[in-house]
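Architecture and fold: a report
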Amino acid sequence: MELTLPIAAHPLSGDVTVPGDKSLAHRAALFAALAEGESVVSNYPDSGVTRAMRGALASLGVPSSLEQGVLRVVGNGYRPFPNVGATAYCGNSATTFRLLAGVVAGTGSCATLDGSAGLRKRPMDRIVDPLRQMGAVIQATPGVAADGRNVSCAPLTFGAGHLHAVDYTLPVASAQVLSCLQLADLGVSGESHFTVPGPVRDHTVRMLAAMGGKPPLKPLHAVLPGDISSAAFLFAAAAIVPGSRITVTGIGVNPTRTGILDILAQMGAQVSYANERMEMGEPVADVTLSAAPLAGITIAGDLVVRTIDEFPALAAVAAFAEGDTVVREARELRYKESDRIAAIVTQLRTLGADAEEYPDGFRIRGGTLKGGTAHANGDHRLAMSMALCGLRAPVTVEGAEILNESFPSFVPTLQALGAGR
Ligand code: S3P
């Protein structure tokens, strides 16, 4: 599918909602499968990646229903999955794969986890190594990572191992890895200690606490907040169309996820929170962004971790800010749905922008983008990022159907805010 957003002739305005948070949705379906009894979760998003988790759980013997945004799961408890020796296909969803791997290992389930061609290229040694240290029996597939390293990849086949507690320091700040290990650790007697080099999202701990902390887990009754990672593209759109003022209501504002809002504010946009509340242990708010002149900044350190999925949205904003936006210490971006450092720079250059790649980040000079045809590279967030550039320059995005993986209502929501009027 080709996507061309019309150049915005008027400011964007209005109040909208976005689909439920994907990180929370993955955990809600998975943890519900581990609970004793029936869980009911509302505002559950239906997109490619959430279908991946539900499909994988169904293959392992824990089906779920999703009707009008309400997910129902009858839990199997924290014990081996019913379908012994099954293969669970995780599609493009690394969160599904890595979190499920922790559960399969911890419950001593015999199963194979696999995924799309894209997922098979993503590094899995980051979970295989520590899970093996805990005693898991895993047969991995040799592969080559984006940077040429030999790594363990999908498919992974798990044999029934008996896990023990470990002290482990994660080499990268990854919530997926930490969650994988925390989930494996639920089946262990003794106390593990995991050390993480950065403020990764802590949804696993918060949601498990709401379910009683450890097995036997109580069923989950929850309403998911809107996904700040989807809202980020709407805030980016409002930031780059002069005079805009939009509100996205009811989004999760867990401080481990709000880096993009801090960055947009540092670049000059006005960002405010209202109606702040707690739901299921997670902070939720209505967030308003008003456009104002933008200036490039430098981003590194913990702010990178708190913004890890939002660099594609930021790239579109950087392309229309005054001066240079520089991102450093962000090597992890090379291991996402695409090598996002290479992909962002290549696609922006295709559109005529002055952009430069670093081993651990990139630089984008604002005001240099001219327009043209970009490609989504099989990455849902790259598709939306490049499409947003079309609000200010003539841009067509090829391969844009991939955005249905995460935000199927992206275009209608932008239209509701006035894009295309
Ligand atoms: C996620 C963690 C992040 C993020 C991904 C979702 C999660 O990955 O990029 O989209 O739900 O735990 P890493 O932990 O690999 O950084």
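Residues numbered from 1 in each chain as written. Predicted model: local features only at pLDDT ≥ 70, side-chain atom pairs only at ≥ 80, totals over all residues. Heavy atoms only, no water.

**Digging into helix α6 (residues 175–185)**
Filter applied, for reference: Three exposure classes are used, based on accessible area relative to the maximum for each residue type with a 1.4 Å probe and protein chains only: buried under 20%, partly exposed in between, and exposed over 50%. Where helices and strands are cited, they refer to DSSP runs of H or I of at least four residues and of E of at least two residues respectively, numbered from the N terminus.
The buried count for α6 comes to 11 of 11 residues, which makes it a mostly enclosed element. Of all the positions in α6, only Ala-175, Gln-176, Val-177, Leu-178, Ser-179, Cys-180, Leu-181, Gln-182, Leu-183, Ala-184 and Asp-185 are classed as buried.

**Here we look at the side chain of Thr-256**
Defined as follows: By definition, residues are in contact when any of their heavy atoms lie within 4.5 Å.
With respect to the helices and strands, Thr-256 occurs in the loop between β12 (245–252) and α9 (259–267). For Thr-256, a relative accessible area of 11% corresponds to the buried category. In contact with Thr-256, other than residues within four places in its own chain, are Pro-199, Val-200, Arg-201, Asp-202, Val-305 and Arg-306.

**A word on the packing of helix α5 (residues 125–133) against α6**
Each pair of packed helices can be summarised by the angle the axes make with each other and by the distance between the axes. How we decide: Simply put, an axis is a line fit to the C-alpha atoms, just over the touching stretch for a helix, and the angle between two N-to-C directions goes from 0 to 180 degrees. The cut-offs work like this: below 35 degrees is roughly parallel, past 145 is roughly antiparallel, 65 to 115 is roughly perpendicular, and the gaps in between are oblique. With the far helix as reference, a near helix turned anticlockwise by less than a right angle produces a left-handed crossing, and one turned clockwise produces a right-handed crossing. We call Asp, Glu, Lys and Arg charged. Ala, Val, Leu, Ile, Met, Phe, Trp, Tyr, Cys and Pro are nonpolar, and the rest, Gly among them, are polar.
Running from amino to carboxyl end, α5 crosses α6 at an angle of 30 degrees, the nearest separation of the two axes being 10 Å. As far as their axial angle goes, α6 and α5 are roughly parallel. Crossing handedness for the pair α5 and α6: right-handed. Here α5 contributes Arg-126, Ile-127, Pro-130 and Leu-131 to the contact with α6, which in turn contributes Val-177, Cys-180, Leu-181 and Ala-184. Tallied by class, residues from the contact of α5 with α6 come to seven nonpolar, no polar and one charged.

**Looking at the pairing of strand β4 (residues 70–74)**
Note the threshold: Strands were regarded as paired on the criterion that DSSP finds at least two bridges between them.
The two faces of β4 differ: Leu-71 and Val-73 on one face are buried, but Val-70, Arg-72 and Val-74 on the other face are not. Judged from the four bridges that link them, strand β2 (residues 38–42) and β4 form a sheet pairing that is antiparallel. Counted as the bridge partner of Val-41 is Leu-71 from β4. One ladder, built from four bridges, connects strand β3 (residues 64–67) with β4; its direction is antiparallel. Residue pairing for β4: Ser-65 is matched across the bridge by Arg-72. Hairpin geometry of β3 and β4 is characterised by an intervening segment of two residues between the two adjacent antiparallel strands and by a positive phi of about 45 degrees at Gln-68.

**Structural notes on empty space enclosed by the protein**
Note the threshold: Cavity and pocket criteria rest on a 1 Å grid covering protein atoms alone: a 1.4 Å probe that fits but cannot get out defines a cavity, protein on both sides within 12 Å along at least 5 of 7 lines defines an open pocket, and an atom within 4 Å of a point defines a lining residue. Grid points are joined across faces, edges and corners, and a volume is the space filled by probe spheres set on the points.
For the structure on display, the rule yields two cavities of 30 Å³ or more. Estimates place the volume of the largest cavity at around 50 Å³. In terms of lining residues, the largest cavity is bounded by Asp-21, Leu-24, His-203, Ile-228, Gly-252, Val-253, Asn-254, Arg-257, Glu-282 and Pro-283. Looking at the second largest cavity, the residues that line it are Ala-175, Leu-178, Ser-179, Gln-182, Arg-201, Asp-202, His-203, Thr-204 and Val-205. For the lining of the second largest cavity, the secondary structure elements donating two or more residues are α6 and α7 (203–210). Looking at side-chain class alone, the lining of the second largest cavity contains three nonpolar, four polar and two charged residues.

**Observations concerning the packing of aromatic side chains**
What counts, and what does not: Two rings from Phe, Tyr or Trp (for Trp, the six-membered ring) form a pair when their centres sit within 6.5 Å of each other. Planes less than 30 degrees apart are called stacked, planes more than 60 degrees apart edge-to-face, and all others tilted.
Counting across every chain of the model gives two aromatic pairs. Between Phe-233 and Phe-410 the ring centres are 6.4 Å apart and the planes differ by 85 degrees, which places this aromatic pair in the edge-to-face class. Residue Phe-233 is found in helix α8 (residues 228–240), and its partner Phe-410 is found in helix α14 (residues 410–416); the two are separated by 177 residues along the sequence. On the accessibility criterion, Phe-233 (1% relative accessible area) is buried. Look at Phe-410 and you get buried, because its relative accessible area is 0%. Measuring from centroid to centroid gives 5.8 Å for Phe-407 and Phe-410, while their planes differ by 65 degrees, and the two rings are edge-to-face. Taken as a pair, Phe-407 and Phe-410 share a single burial class, namely buried.

**Description of the site of the ligand**
The cut-off we apply is this: Only a single heavy atom is needed: when it lies within 4 Å of a molecule or strand, its residue is near that molecule or strand. Here a polar contact is taken to be a pair of N or O atoms separated by no more than 3.5 Å, where protein atoms must pair a possible hydrogen donor with a possible acceptor and residues adjacent in sequence count only if both atoms sit in side chains. Per-residue and other accessible areas were derived by the Shrake-Rupley procedure at a 1.4 Å probe size, with only the shown protein chains allowed to occlude residues. Molecules are considered to sit inside a cavity or pocket once more than half of their atoms lie within 2 Å of its grid points.
All residues adjacent to the ligand are Ser-23, Arg-27, Thr-95, Ser-174, Ala-175, Gln-176, Arg-201, Ile-308, Asp-309 and Lys-336. Within the side chain of Arg-27, a nitrogen or oxygen atom sits 2.6 Å from an oxygen atom of the ligand. Contacts to the ligand include Gln-176, whose backbone N or O atom sits 2.8 Å from an oxygen atom. Considered on its own, the ligand offers 380 Å² of accessible surface; in the complex 93% of this is hidden by protein. Put simply, the ligand lies in the largest pocket. Mapped onto the shell around the ligand, the elements with two or more residues apiece are α1 (22–34) and α6. Residue composition of the shell around the ligand, by class: two nonpolar, four polar and four charged.

**Some words on the pattern of salt bridges**
A side chain with one charge may pair with a side chain of the opposite charge, provided their charged atoms come close. As a reminder, the rule being used: Should a side-chain nitrogen of Lys or Arg be within 4 Å of a carboxyl oxygen of Asp or Glu, the pair is scored as a salt bridge.
Taken as a whole and judged by the stated rule, the model has 24 salt bridges. For Arg-340, the salt bridge goes to Asp-379, with nearest N and O atoms at 2.8 Å. Linking Arg-340 in helix α12 (residues 340–350) with Asp-379 in the loop between β19 (372–375) and α13 (380–389), this pair joins segments that are 39 residues apart in sequence. Take Arg-340 and Asp-379: they sit in the same class, and that class is buried. Via salt bridges that share partners, Arg-201, Asp-309, Glu-337, Arg-340, Asp-379 and Arg-381 belong to a single interconnected network.

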